[in-house]
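# Observations on the three-dimensional arrangement
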Amino acid sequence: VARNFGATPSDAGFVCDTFGHIGQLPQIFRGFGIQGAFIWRGIEPRKNAHFRWQGSDGSEVICLRFGRTGYCDYTYDVRHSTEHGYVFDEKKAVEELTVFLAKESVRAAIPPMLLLDGGDHLEYDEDHYRTLFKQKASAEFPYQVEHTSLDAYLEEMLNHEDEITDVVRGELRGSAAAYIDKDCHWLIPGVLSSRVWIKQQN
């Protein structure tokens, strides 16, 4: 469908906000040639963000599990984009960015880290993005920020797949045992994100 519109389909298995995952999903991904996935709901917080997910038939994909608020951590913790009346302060933004990256580096089993600025119904933030991209690597800021894509990150992630040893098997229906300040990945009971007609075509 994407190619019919002149677009190139992504090879990233992006299922970050689905309310749980069937055990066959790694098999489905591999059937489409997708080797890596980005997920959140359905699996409890982990020491390492990266792991191998084995499906019911043994098919395997390399995964990145997002942090506390899924694809919105940077949006919440650095941009404060859901706090109405928040006034941008460049010095504070750099400090919070540095703290955020240090926290993410603990979770990242492999380089590079993914700084995903997700979030629903949010506007472009010129002040924060200008501040983000003018940061240069230094002793105080030991990071290099690069604007890229999920596919480019996935390629880097797969270059390090031999270093990813944690394995998760089967369906992911964990229902958020952690308190909200630790993780917000609760499932909504009875909800399965699904487009049956697309599945039937596939």
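Residues numbered from 1 in each chain as written. Predicted model: local features only at pLDDT ≥ 70, side-chain atom pairs only at ≥ 80, totals over all residues. Heavy atoms only, no water.

### Observations regarding the side chain of R107
- Here R107 shows up in helix α3 (residues 90–107).
- Side-chain polar atoms of R107 contact the backbone oxygen of R65, separated by 3.0 Å. (Helix = DSSP H or I, 4+ residues; strand = E, 2+ residues; numbered from the N terminus. Polar contact = N/O pair within 3.5 Å; in protein donor to acceptor, adjacent residues only side chain to side chain.)

### Things to note about the packing of aromatic side chains
- Evaluation of the coordinates by the stated rule reveals six aromatic pairs.
- Judged by centre distance (6.0 Å) and plane angle (50°), the rings of F38 and Y153 are tilted. On the criterion of sequence distance, the pair formed by F38 in strand β2 (residues 36–39) and Y153 in helix α5 (residues 150–159) is long-range, its members being 115 residues apart.
- A residue is classified by how much of its surface remains accessible, and F38, at 0% relative accessible area, is buried. (Phe/Tyr/Trp six-rings, centres within 6.5 Å; stacked < 30°, edge-to-face > 60°. Buried < 20%, exposed > 50% of the residue type's maximum accessible area, 1.4 Å probe, protein only.)

### Regarding the sheet that holds strand β1 (residues 12–15)
- Taking strand neighbours across the sheet as the criterion, the five strands line up as β1-β2-β4-β3-β5 in an open arrangement whose pairing is mixed. Whereas interior strands pair on both sides, the edge strands pair on one side only; in this sheet they are β1 and β5 (167–169). Between one strand and the next, the sheet's axes are offset by a mean angle of 30°, whatever the strand orientation.
- Relative to β5, strand β3 (residues 50–54) runs parallel, the two being bridged by three bridges. Bridged to R52 within β5 is V167. (Pairing = 2+ DSSP bridges. Axes fitted to C-alpha atoms, helices over the stretch in contact; angles between N-to-C directions.)

### Some points on the pairing of strand β4 (residues 60–65)
- By the criterion of burial, β4 is predominantly enclosed, with five of the six residues buried.
- Across four bridges, the pairing between β2 and β4 is parallel. Its bridge partner being in β4, A37 is matched across the sheet by C63.
- Of the strand pairs in this sheet, β3 and β4 are connected by five bridges, and their pairing is antiparallel.

### Notes on the nonpolar core
- Among the nonpolar cores identified, the biggest contains 18 residues, and F38, L64, F66, L114, Y153, L154 and M157 are the most heavily contacted of them.
- At the level of elements, β4 and α5 are the ones that each hand at least two residues to this core.
- The residues touching M157, leaving out its near neighbours within four places in the chain, are G36, A37, H50, I62, C63, L64 and I110.
- If you look at the next biggest cluster of nonpolar residues, it comprises 13 residues, including V15, L25, V168 and L172. (Core = buried A, V, L, I, M, F, W, Y, C linked by side-chain atoms within 4.5 Å. Contact = heavy atoms within 4.5 Å.)

### Focus on unusual backbone geometry
- For the bond running from P111 to P112, omega is -10°, close enough to zero to count as cis.
- For H80, which is not glycine, the phi torsion reads 50° and is therefore positive.
- Note on placement: H80 falls in the loop between α2 (73–79) and α3.
- What makes H80 buried here is its relative accessible area of 11%.
- Positive phi, normally seen in glycine, also occurs at H121, with a value near 60°.
- By relative accessible area, H121 is classed as exposed at 82%.

### Focus on the pattern of salt bridges
- This model, assessed by the stated rule, comprises twelve salt bridges.
- K103 is paired through a salt bridge with D77; the nearest N and O atoms lie 3.2 Å apart. In this pair, K103 sits in helix α3 while D77 sits in helix α2, placing the two residues 26 residues apart along the sequence.
- Classification of D77 as partly exposed rests on a relative accessible area of 21%.
- D127 serves as the salt-bridge partner of R130, at 2.8 Å between the closest nitrogen and oxygen. Of this pair, R130 and D127 both sit in helix α4 (residues 126–133), separated by three residues, roughly a single helical turn.
- Since its relative accessible area comes to 44%, R130 is described here as partly exposed.
- A residue is classified by how much of its surface remains accessible, and D127, at 31% relative accessible area, is partly exposed.
- One continuous salt-bridge network, built from bridges that share partners, spans R68, D77 and K103. (Salt bridge = Lys/Arg side-chain N within 4 Å of Asp/Glu carboxyl O.)

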